[in-house]
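Geometric and topological summary
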Amino acid sequence: MTSTPTRAPDPRVRRLTTTLYGYAFLEDFVLLYPVYALLFSDTGLTVWQISSLFVLWSVTGVLLEVPSGVWADAVSRRLLLWLGPLLTAAGFALWVLLPSYGAFAAGFVLWGAGGALASGSLEALVHDELERLGAAGRYARIMGRARAAGLVAVMAAMGLAGPVLGWGGHTAVGAASILACLLTAAAALRFPEHRPPAAGPHRWIAPLRAGLAEARADRSVRGALLLVPAVGAVWGALDEYTPLLVRDTGVADETVPYLLLLIWAGATAGSLLAGEGERLGTTGLAVLLAGAGLALAVGSLAGTPAGLILVALAFGGFQTATVLADARLQRRVGDTGRATLTSLAGLGTELATVAVFGGYALLASQSPHSTAFAVFALSYPVTALLLVLERPLRSPGGIP
């Protein structure tokens, strides 16, 4: 059979994906990631204070999530992808120069603002550009690889954090993190963007109206919006406490970053399997969520380094499910308010994350970190059950 032109690699798709993978890697190549929770603890902050910082981080995202999505739909998604890392860099600079609860809080506000600007903007830009090139069907696979690139960056940062910390202290770790943010902003300028900015006197409110109208009119859109936070919020919040969970297994602080590599190796594998995961369907996704939740509970309660293998498998399952939930949403929404609706899903994730942070602080103040992890892990079998029960309510011709 003669090969068709569609099989030839499109250089425009290659440019988009190369830029995306580079942006995703640099965005997460932050040496502060594996040590900042320990930094807060060693500075004298209590679990409640650390949790309050995480809550402040999430509240910032809650307040800015939807406005930033509307801004992205009305102006330029690439602009927000450039500005976000610069705000994060400023926050990290505060942590290094003025280490204190106040500086940590201000840094999290800036980091939360930077994250809100990128949330929704990246997914919408990539999906629209792929759709323009006739490659929208590759979205889940490409975004899975992008998440994997980010997780590889996290693991690289974990491997380098210890030596850099030993060589130059928190100043060196912070400087490297700031440089990574600046390089991320530079990478954002390479993104193609062919969608023209919205015009007219109502350009700021039109994307929000369009997105909300679509969610009200289409039950499948509402379901996809709810699935994103249901999948991503709990494990996304628990991620912030993984250094403390690892340390509670009895290992030395210097070993913590290396055991975190194991957990994130599992998450990276989950990202790479996201493209194949689209074959699972609704029931398969439910089984994946339930299995990952049980693995997290058992692995956490083991209280040993060996138990972290199950935690790694759980994070891999959660990462696959997170990419699939996003792809599910992108398939259902229209172009006009894509960033707005993606940000609306992000808002739900942030609100749920705040609740997890508060609940975690309450549980971890009275019990070990392993118990808190296990309790929250049980939310995933519940989500899986609701997903299966909701399926028969869809029309037979609906999107899975």
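In this text, all values refer to a predicted model and were calculated from it rather than measured experimentally.

Applying the stated rule across the entire model yields 24 aromatic pairs. Taking 6.0 Å as the distance between ring centres and 90 degrees as the angle between the ring planes, the aromatic pair formed by W95 and F104 counts as edge-to-face. Members of the aromatic cluster, joined through ring pairs, are Y33, Y36, W57, F92, W95, F104, F108 and W111.

With that settled, consider the confidence of the model for the protein chain. Predicted confidence across the protein chain gives a mean pLDDT of 81, with 87% of residues reaching 70 or more. The least confident element of the protein chain is helix α8 (residues 206–217), whose mean pLDDT is 59; the most confident is helix α16 (residues 369–377), at 93. A low-confidence stretch, residues 1–6 stays under pLDDT 50, and its non-local contacts, those more than four residues away or across chains, total 0 contacts. With pLDDT under 50 throughout, residues 392–400 is counted as low confidence; its partners more than four residues away or in other chains account for 10 contacts.

With the rule as written, the count across this model stands at 4 salt bridges. Residue D128 is joined to R77 by a salt bridge in which the shortest nitrogen-to-oxygen separation is 2.5 Å. One end of the pair, D128, is in helix α6 (residues 121–132); the other, R77, is in helix α4 (residues 77–97), and 51 residues separate them in sequence. This pair shows no difference in class: D128 is buried, exactly as R77 is. Note that R147 and D326 form a salt bridge whose closest N and O atoms lie 3.9 Å from each other. Placement of R147 in helix α7 (residues 139–188) and of D326 in helix α14 (residues 308–332) is noted, with a sequence separation of 179 residues between them.

One finds F40, W95, F108, W264, L296 and F315 to be the most contacted residues of the largest nonpolar core, which totals 80 residues. Those residues in contact with F315, other than ones at most four positions away along the chain, are W235, D239, T242, I263, W264, A267 and L296. Within the second largest apolar cluster, 24 residues are counted, among which are V126, Y139, A140 and A146.

Inspection of the secondary structure assignment puts A295 in helix α13 (residues 281–302). It is 9.6 Å that separates the C-alpha atoms of A295 and G317, two residues lying 22 residues apart in sequence. Every residue in contact with A295, bar those within four places of it in the chain, is listed here: L310, V311 and A314.

For the rest of this paragraph, the subject is a nonpolar patch on the surface. A contiguous nonpolar patch, built from L262, V298, I309, L310 and L313 and spanning about 420 Å² of accessible area, is present on the exposed surface. Ranked by residues supplied to the nonpolar patch, first place goes to α14 with 3 residues. By the element assignment, I309 lies in helix α14. A residue is classified by how much of its surface remains accessible, and I309, at 48% relative accessible area, is partly exposed.

How each quantity is defined
- The numbers attached to residues start from 1 for each chain and follow its sequence in the written order.
- Thresholds applied to this predicted model are a pLDDT of at least 70 for local features of residues and 80 or more for the giving and counting of side-chain atom pairs; totals over whole chains, interfaces and linings are not thresholded and use all residues.
- The side-chain numbers reported here are obtained from all heavy atoms of the structure, hydrogens and water having been left aside.
- Any two rings among Phe, Tyr and Trp, with Trp reduced to its six-membered ring, count as a pair given centres within 6.5 Å; such a pair is stacked if its planes are under 30 degrees apart, edge-to-face if over 60, and tilted if neither.
- Confidence of the prediction at every residue is given by pLDDT, a number between 0 and 100.
- A run of H or I in DSSP counts as a helix once it spans at least four residues, and a run of E counts as a strand once it spans at least two, with each numbered from the N terminus.
- Whether two residues are in contact is decided by their heavy atoms, any of which lying within 4.5 Å being enough.
- By convention in these notes, a salt bridge is any Lys or Arg side-chain nitrogen within 4 Å of a carboxyl oxygen on Asp or Glu.
- Throughout this description, buried means an accessible area under 20% of the type-specific maximum (1.4 Å probe, protein chains only), exposed means over 50%, and partly exposed covers the range between.
- Definition used in this section: a nonpolar core is a set of buried Ala, Val, Leu, Ile, Met, Phe, Trp, Tyr and Cys residues joined via side-chain atoms within 4.5 Å.
- Like-charged residues are merged into a patch within 9 Å and nonpolar side chains (Val, Leu, Ile, Met, Phe, Trp, Tyr) within 5 Å, provided each residue has over 30% relative accessible area and no salt bridge.
- Accessible areas in this description were obtained via Shrake-Rupley with a 1.4 Å probe; residue shielding takes into account the shown protein chains only.

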